Amino acid sequence: MTVMDGHVSLPWLSREMLYEQSEVTLDFLHHSGIQDDPDIKVLMAGSTLRKVKSRSWKKQRHFRLLEDGLTIWYKSRWAGKAKTPEKNLMTELEMVREGHQSEVLLSIAEEFPAALCFTLVFHGRQGNLDLVAESPEEAQAWIQGVRKLIHRAQTMDEKERLDQWVWDWFQKADKNKDGKMNFKEVRKLLKMMNIEMNEEHAFHLFTMADKSGTGSLEIEQFVHFYKILTQRDEVWKVFQDYSGDGEKLMLEELDNFLRIEQQTGERSAQHAQELIERYEPSETAKKQGAMTLDGFQMYLCSQDGSIFKPEHQGLYQDMSQPLSHYFISSSHNTYLLEDQLRGHSSLEAYIKALKRGCRCVEVDSWDGNDGEPVVYHGHTLTSKILFRDIMSTLKEYAFKASDFPVILSLENHCGVEQQTVMAQHLRQILGDTLLTTLVDGQVPLQLPSPQELRGKILLKAKKIGGLEGCVDETLTDEISDEEEMPNGDPESPPAEDPLAEELSDLVVYCKSVHFHGFEHSRLHAKCYEMSSFSESKAKKLAKESGRDFVQYNTRQLSRIYPSGFRTDSSNYNPQDMWSVGCQIVALNFQTAGLEMDLNDGLFRQNNCCGYVLKPEFMTDGNAQFSPEKPDERQGYRPLRLSIQVISGQQLPKVNQKEGSIVDPLVRVEIYGVPQDQAKDETSHINNNGFNPVWNETLNFVITTPELALVRFVVEDYDKASRNDFIGQFTLPFKCIQAGYRHIHLLSRDGTAIPPSSLFVNISISELS
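Residues numbered from 1 in each chain as written. Predicted model: local features only at pLDDT ≥ 70, side-chain atom pairs only at ≥ 80, totals over all residues. Heavy atoms only, no water.

Moving on to the overall build of the protein. Along the protein, the regular secondary structure elements total 21 helices and 32 strands. Sorting the 768 residues of the protein into buried and exposed places 57% on the buried side. Carbon and sulfur atoms make up 48% of the accessible area of the protein, which totals about 32,300 Å². (Helix = DSSP H or I, 4+ residues; strand = E, 2+ residues; numbered from the N terminus. Buried < 20%, exposed > 50% of the residue type's maximum accessible area, 1.4 Å probe, protein only. Areas by Shrake-Rupley, 256 points an atom, 1.4 Å probe, with all protein chains shown as cover.)

In C-alpha cells, the structure reads:
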C-alpha cells in the first residue's frame, strides 16, 4: 500500500474491479417521477417573488429550482455580476407554511392577501424566508412543489444521498457548464472537497476514471472517479478480517462480525439477513445471501451502523412515574431570538424551541398599552410581543414534536387588571389543553406522570393558598426569577403585588414558592410546590449539599435559570444541575454551543419527546446518592470506555477561501459527575478534511455511566490561534453502541452536515 500526499493508493483496486462494482443509479439527476410534475416545472422555469423582511423591506427577487432538484437559487432582479446569487438547499428546509403564518407576513396582511403568501422554514437557527407571489396559482405551485421536494429529500436513502452529494460537487466543479470536467477542473474540485493531493496521483485516478479516453469526465465517469477517491482502506481491512475469499461476506461470516465486533447478541443471524436485504446493492450477492464490500461500507455508514442505539431512539422509557422523576427539556426567556438587552422578541422563538422538543417555556409578562399584557425582557430594549399571541402560538405548536405536557413558566410583573386579562386569554385560547383541575380530583402526595398529563399545558406561577383549599399563606416570600442582576439588586423585590384570583386558580401542580432550605422542604413542602434557583445558587447547593439536593428532587420540581450577568444569552453547563437531579434546567435555546449540544444530546433519546427518566438512584426516596461521592452508592459499577478514532469522511471546510484545507483533530469530552469530567484528543492531520486517518485510541473510566454524556468534537488545528470548530455529535453514554460505528456529525447549530462522519471502534468493559 502506498501513501501519496495524504491519500491512500489501494493495491487491490483495479479498473476492472471498479466497474464490476454496483452500478450507480443516477435517476435522481433526471428527477424520475418528479421532473414532469407541473408544480416542479413552474419552479424550474423560475418566478419573480417578493422577499419580505419587514413591513418596510419588500423586494423582488428571481427564484428558480436548479437542475439538481435540490437547490433553490435566487438573486436580485437587478444584480450585476458583482453580487453572488444566494442559494438554499432542500435538505436545509423543514417545511412550508401557507398564508400569513409568520409575524412578518401578518404585519403586511392588509397589503397582500393570504393566498399570495408563504414561508420557507429552515432547520436549526437559520431565519425563515417570507415570500409573496404574484398570483394565488403561482403561490400554490411553489408551496406544493417545495413540499414535494422536501419530502423527496427526507426520504432519500443513504446511497441516494451520497449520489446527490456527488452530483452537487460535479455541478460546483463544472465551471463552464458543459456537462464535462477536464483535469484542471478536477484539481480545483479536490481543493474544494477539502483534500490536498499529489498532482501525479490525482492524474492517475483521473485517467482510471476516464474510460472513454477523452481527457474529460462526464457525470457517470465522475461518479466512478469519486468511488476510487472514497474507497476506504480502513473499511476494507475490517472486511478482510471476516471474509473467507476477500470478495464477500457470506451470511455466517457477517453473523460472526455482528456477534464478535458489533455485540448484537442472539439475534445476529437474523440481523445479518436483514442487513443484506437492506444494504447490499448487488442482486447477485443478495441471491447468494452475501454482502460485498460496497454493501458492507453502506451498512457501516447507515443508521444501523451509527453510534446511537436504535432501540433508544424511539419512546423506550417508562412514562408513568411522577413528573419529578424526569429531566425536562427547558428554555429560558423563550421569547428572545438574540441577547437579553437589545434582542428581538419573537413568536418564532417559541415555535423553534417547541419544535426542538422543549417542554418548559418562559413568559415574562408586563402591563401593556390598551389593557393588553405584553412579553419582553423588562427594563431593557428588547422588543415586545402580545401575551395573547404567544398563547395562540402555544396552542398551535405545543404538541407538534411531543404530546407530553408543556409547563408554561410565568414571570408575572402585571397589575391585577392585566393579570385577569392573562387568565382570560389562557382559558379562552388554550381551552381544554390548559390543565385547570386535579387529574383525579385528589390532592396528590406525588406529582402526576407525563403519561397522565399528555396533551396538557401546566401553568407555573404564584398561587393563593394550596390545593387543599386553605388560603392563609402569604405571597410575599416568592422571589422574582431575575433576582441575580448585574447591578447586584433584585430586578423586583420579593413580590408584594396582589395576585388576581382568576390567575391563581389556573395554577395546579406547579406553584412557585421561595426555597427555605432542604430541611424545611423535607418537613413542610408539598409535592406541587416548586422553586427557581439562579445558576450560582444551584451550583453552591450542589457542591455543599449534593445528597440533599438529589433527595429534594425526587419529590419536587426545581427550575434553574442562567445568571442575570449573562446579558449575551450565553449558557451555563446543564450537566452540573442534572447531576443533582434538577429537572427544569433552563437554557437560552437561541444560543448555539457546548451547553445546547449537551441539552440536545441528553434529549436525543426517548423519541426526542422532551422527557428523560432519571436513573433509579435519583428517583428512589431512600437512595443516598451524592455526585461528589459516586462510589458510595449501592450498585456502584464503573466502566471503561475505549474509543479507537479510526478516520474521518468528507469534513466540511471551515475557511471557504480557495486552496484552504483543514488540519483536523478529534476530541472526545465526557460530561457527568465531577469525577467523570474528562477530555482527550488525537493528533491533527495536515491538509486533509476529505479522508483523514488517525488510528488513535482514547481511554476513559466512567464512574456513573447513567449520568454521563459523551461529546465528539472535530476541530481545525491552528497553532497560532484558537482551533476552528468543524462538527460535533453528543449522546448519552447509555445510548452508545459498541463496535465499528460511524458518528454522523452536526453543525454548530445542531443540524446534520451529511456526509461528514467519523469512523470509530468502541469497546465498553467493566473495570477490573
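This part takes up the packing of helix H7 (residues 199-209) against helix H8 (residues 219-230). Their axes nearest at 8 Å, the elements H7 and H8 cross at an angle of 135 degrees. Here H8 runs oblique to H7, going by the angle between their axes. H7 and H8 meet at a crossing whose hand is right-handed. From H7, Leu205, Phe206, Met208 and Ala209 reach across to H8, where they touch Gln221, Phe225, Ile228 and Leu229. Residues belonging to the contact of H7 with H8 are distributed by class as follows: seven nonpolar, one polar and no charged. (Axes fitted to C-alpha atoms, helices over the stretch in contact; angles between N-to-C directions. Parallel < 35°, antiparallel > 145°, perpendicular 65-115°, else oblique. Left-handed = near helix turned anticlockwise from the far one by under 90°. Contact = heavy atoms within 4.5 Å. Nonpolar A, V, L, I, M, F, W, Y, C, P; charged D, E, K, R; others polar.)

The next thing to look at is the packing of aromatic side chains. This model, assessed by the stated rule, comprises 28 aromatic pairs. One aromatic cluster is present, formed by Phe239, Tyr242, Phe257, Tyr279, Phe296, Tyr299, Tyr740 and Phe759 through successive ring pairs. Positioned above the aromatic ring of Tyr397, the side-chain terminus of Lys400 is 5.0 Å from the ring centre. (Phe/Tyr/Trp six-rings, centres within 6.5 Å; stacked < 30°, edge-to-face > 60°. Lys NZ or Arg CZ within 6 Å of the ring centre and 35° of its normal.)

It is worth spelling out the confidence of the model for the protein at this point. In the predicted model, the protein carries a mean pLDDT of 88, and 90% of its residues have values of at least 70. Between residues 1-32, whose pLDDT stays under 50, and residues either more than four places distant or in other chains, the model counts 76 contacts. Low pLDDT (under 50) marks residues 482-494, which in the prediction has 32 contacts with non-local residues, meaning those over four places away or in another chain. (pLDDT = per-residue confidence, 0-100.)

Tallied over the entire structure, the rule returns 32 salt bridges. Between Arg97 and Glu348 there is a salt bridge, and its shortest N-O distance comes to 2.7 Å. Taken together, the residues Arg97 in strand S7 (residues 93-98) and Glu348 in helix H14 (residues 347-355) connect sequence positions 251 residues apart. Residue class for Glu348 comes out buried when judged on its relative accessible area of 11%. Between Lys237 and Asp233 there is a salt bridge, and its shortest N-O distance comes to 3.7 Å. Of this pair, Lys237 and Asp233 both sit in helix H9 (residues 233-242), four residues apart, which is roughly one turn of that helix. Given a relative accessible area of 46%, Lys237 falls into the partly exposed group. Owing to a relative accessible area of 7%, Asp233 belongs among the buried residues under this scheme. Salt bridges sharing partners connect three or more residues here, namely Asp597, Arg667, Glu669, Glu681, Arg711 and Glu715. (Salt bridge = Lys/Arg side-chain N within 4 Å of Asp/Glu carboxyl O.)

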